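Spelled out from the first residue to the last, the chains are:
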Protein chains: 2
Amino acid sequence: MHPNDPHLRSFIDVKADSDFPIQNLPYGVFSTASDASPRVGIAIGDYVLDLAALQAAKLLDLPDGVFAQPSINAFMALGPRVWSATRARISELLRHDNAELRDNAALRAKALMPMRDAKLHLPLRVEGFTDFYSSKEHASNVGAMFRDKTNPLLPNWLHIPIGYNGRASTVVVSGTKIHRPHGQLKPPSADVPSFGPCKRLDFELEIGFVVGQPSARGEMLSEQQAEQMIFGFTLLNDWSARDIQQWEYVPLGPFQAKAFATSISPWIVTREALEPFRTHGPAQDPAPLPYLQQQGANNYDMALEVALCTPKMTEAARISATNFKYMYWSSVQQLVHHASSGCAMSVGDLLGSGTVSGPEKDQLGSLLELSWNGTQPVQLPGGEQRGFLEDGDSLVMRGWCQGDGYRVGFGEVEGTVLAAK
Amino acid sequence: MHPNDPHLRSFIDVKADSDFPIQNLPYGVFSTASDASPRVGIAIGDYVLDLAALQAAKLLDLPDGVFAQPSINAFMALGPRVWSATRARISELLRHDNAELRDNAALRAKALMPMRDAKLHLPLRVEGFTDFYSSKEHASNVGAMFRDKTNPLLPNWLHIPIGYNGRASTVVVSGTKIHRPHGQLKPPSADVPSFGPCKRLDFELEIGFVVGQPSARGEMLSEQQAEQMIFGFTLLNDWSARDIQQWEYVPLGPFQAKAFATSISPWIVTREALEPFRTHGPAQDPAPLPYLQQQGANNYDMALEVALCTPKMTEAARISATNFKYMYWSSVQQLVHHASSGCAMSVGDLLGSGTVSGPEKDQLGSLLELSWNGTQPVQLPGGEQRGFLEDGDSLVMRGWCQGDGYRVGFGEVEGTVLAAK
């Protein structure tokens, strides 16, 4: 059976609401108390399967040591055929009716560990980080707030998947605490800027995708080439300092407002695992220029949620629920455009979708939009409210594609805000 | 004697107008016909000195293999004390009155080769590339052309060293040919954009500096810390597609207009070698915020030239001659600002100064300014003229600091424009 077959079952018990059934098999990097060296594993139910251990046991036929390292980059460099074959083989090894791993108690003891006992690391070495701006609703909301209510979209937006280069050195894994950044602030009321802690700290709910194959400098990409270069997807929180951004961003774009941290989920869900959940994105009108045109379903039906927990709250409260399918520009269109000038793409490039906002008020992917730039604070259970994030706030994003009786999910990306240093 | 002493002489004959006297000793990466593996060397006169060979001969006391690799990153990671001690030792080995290398014919045959026989590679692994916009003259010229003649500087410019993240994957070494990029173009006359070869291809004359020590996420830098983190400087040509840039850059800044190529010179001149040429930059008014304030001479007196050679010309003609000392924001201020939000800096980060333009008409660092957006084409010997670069044009940048009877220079960064693919 194909590794995406809904009828597949593993000998490992997986609950129906788990993000990690045998149909998912996302890649991550982990270490354990007994072995502190980070290595590549996949998530299955509540367990991590150590792929370095499987390879050492000769159950995976791949170049030596490809999983015995602190990133998935070496594995990604092997290319799409190997990605598919490896996923199929791991699926086979986890099936309820396959004895190779199931009945090898010694190997199971070595290679399977409860996820709660594993330390999860940044899964890839991020070569470059690029962030897009591809939700029409988000771009329209921001445009209406800061530019022109009646005509919020800039003229280029419907023609170009607008994006900018971000900072790769500060991409961190879920659970990493985030210090409130300092920066230059100049509220409209002030005559001159001052330097101090950001007062309008925000999150941006995004999906990131990971480039697993390189392209050469000077080379453009077809839709098919770009598709084949995408290894997988992750949840991404593009932390944003709105007050720093507002003062610094003309004319060269966001810089320090986005440079202090970008958080991603520990598990990279493969493009192949998401295939059953393909759907059409919004109709694109005007038609994109030929180099950006796509055939078929170019988006994914993926539920996304944001929850916030303040120091006074006992459990996180959902503040937004949206869907990746609302994105106007697709990941493939973003990648094709990124390489359109001849920009060389690298194994390990991380591209962010841009804030995922839907059409409804409760589907917005940032506090900037949810609180309409702080003017309509979000009401929280217990009576607190938030215009922007405060010290001690913990933000959690979740995402999954719902199958019939199972879900293919990302786990979560969590980040807690610490006071400025 | 200190390695910067003007009276130092080498047993290797160095002409007075050479960029590479014993007072310079810039680092690069090279290979040869007899040994194709790229390794670290320094330039002395018309020769390259193989530092891997010196280390193998036990003349340099450093960690094994630090120079036997295709980048200077491992050496930079050793820190400023090692940078100084190593430069002092290499200076000692090259002195006219030191016999260790001078009288070791076998080692000289092995370690010293004519530069013309060496292939020069990209000297560093570029971890991140950031480009600034720190010439007041350049920013004013661009502002006057595209925004407001009477008030060309944006309000934030005098307060922030404005910069943006560029694309590290397309930084290339001098001599690399540059294909004219494709992109979305929408001249003011057109109603809708079209996709095709850039029609307004330009260069930007810049100085790049290389970060040789890391900083931690969440950490800010003092002036002194930033100073100590700078390993050295290089010539940088920030190739720019003006027509792509004009259509794409709002609101998130330049993206594909700058992503196709950035060329640097093969030799990294150390910060230490430039010390004798320190000078004051322009007075900064209003005074920078405290975190950006500097004591003492924060710039360098460095002559910079741009020459252009079209296919019809027999030799390159100088089209601009300016000086790095005109830059309003210093390299240290740029680095301090870059880390001010808590952005982690990495060994191998490359930061571009921004276009170096001076106050005079013949001191402008881009064709955009020299031809005033194509309206006043540059006249070339032989009767040709250029508003922007044409296919087959070769652009050469040179830079040096003039001492008494010697100069500390960069060599050149050359790039030839090829037709769009």
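All values reported here derive from a predicted model rather than from experimental measurement.

## A few points about the state of the cysteines
In step 1: In the structure shown here, the tally under the stated rule is zero disulfides over all chains.
In step 2: With no disulfide partner, cysteine 343 of chain B has as its closest neighbouring cysteine sulfur the one in cysteine 198 of chain A, 15 Å distant.

## Some remarks on the pattern of salt bridges
Residue and element names in this part refer to chain B.
In step 1: Per the stated rule, a full pass over the model turns up 46 salt bridges over all chains.
In step 2: Aspartate 50 is the salt-bridge partner of arginine 39, the closest N and O atoms lying 2.7 Å from each other. Residue arginine 39 is located in strand β2 (residues 39–44), and its partner aspartate 50 is located in strand β3 (residues 47–50); the two are separated by 11 residues in the primary sequence.
In step 3: With relative accessibility at 7%, the residue arginine 39 sits in the buried group.
In step 4: We classify aspartate 50 as buried; its relative accessible area is 5%.

## Considerations on the relation of the copies chain B and chain A
In step 1: Expressed as a screw transformation, the operator carrying chain B onto chain A has a rotation angle of 180 degrees and an axial translation of 0.0 Å, and the superposed copies differ by an RMSD of 0.0 Å. Taken together, the turn and the small shift mark the pair as related by a two-fold rotation axis. Distance from the rotation axis, computed per C-alpha, reaches its smallest value in chain B at glycine 253 of chain B: 2.1 Å.
In step 2: A shared interface surface links the copies, since 100% of the contact residues of chain B are contact residues in chain A too.

## Side note on the domain arrangement of chain A
Residues and elements named next belong to chain A.
In step 1: According to the domain assignment, chain A contains domain 1 (27–121) and domain 2 (129–418).
In step 2: Placing a centre on the C-alpha atoms of domain 1 and another on those of domain 2 gives a separation of 30 Å.
In step 3: Listed per partner, the contact involves 20 residues of domain 1 and 18 residues of domain 2.
In step 4: Taking both sides of the interface into account, the surface hidden between domain 1 and domain 2 amounts to around 1500 Å²; carbon and sulfur atoms contribute 67%.
In step 5: Inspection of the domain 1/domain 2 interface yields one salt bridge.
In step 6: For arginine 87, the salt bridge goes to glutamate 272, with nearest N and O atoms at 2.7 Å.
In step 7: Our count for the domain 1 to domain 2 interface comes out at five residue pairs in polar contact (both at pLDDT 80 or more).
In step 8: For the side of domain 1 that touches domain 2, the secondary-structure elements that each account for two or more residues are β1 (27–32), β2 (39–44), α2 (73–76), α3 (80–94) and β5 (118–121).
In step 9: With four residues, the top contributor of residues to the side of domain 1 that touches domain 2 is α3.
In step 10: Looking at the side of domain 1 that touches domain 2 residue by residue, the class counts come to 13 nonpolar, six polar and one charged.

Thresholds applied
Residues numbered from 1 in each chain as written. Chains lettered and ligands numbered in written order. Predicted model: local features only at pLDDT ≥ 70, side-chain atom pairs only at ≥ 80, totals over all residues. Heavy atoms only, no water. Disulfide = S-S within 2.5 Å. Salt bridge = Lys/Arg side-chain N within 4 Å of Asp/Glu carboxyl O. Helix = DSSP H or I, 4+ residues; strand = E, 2+ residues; numbered from the N terminus. Buried < 20%, exposed > 50% of the residue type's maximum accessible area, 1.4 Å probe, protein only. Least-squares fit on C-alpha atoms with pLDDT ≥ 70 in both. Contact = heavy atoms within 4.5 Å. Domains from an automatic or database assignment. Buried area = accessible area lost by both parts, 1.4 Å probe. Polar contact = N/O pair within 3.5 Å; in protein donor to acceptor, adjacent residues only side chain to side chain. Nonpolar A, V, L, I, M, F, W, Y, C, P; charged D, E, K, R; others polar.

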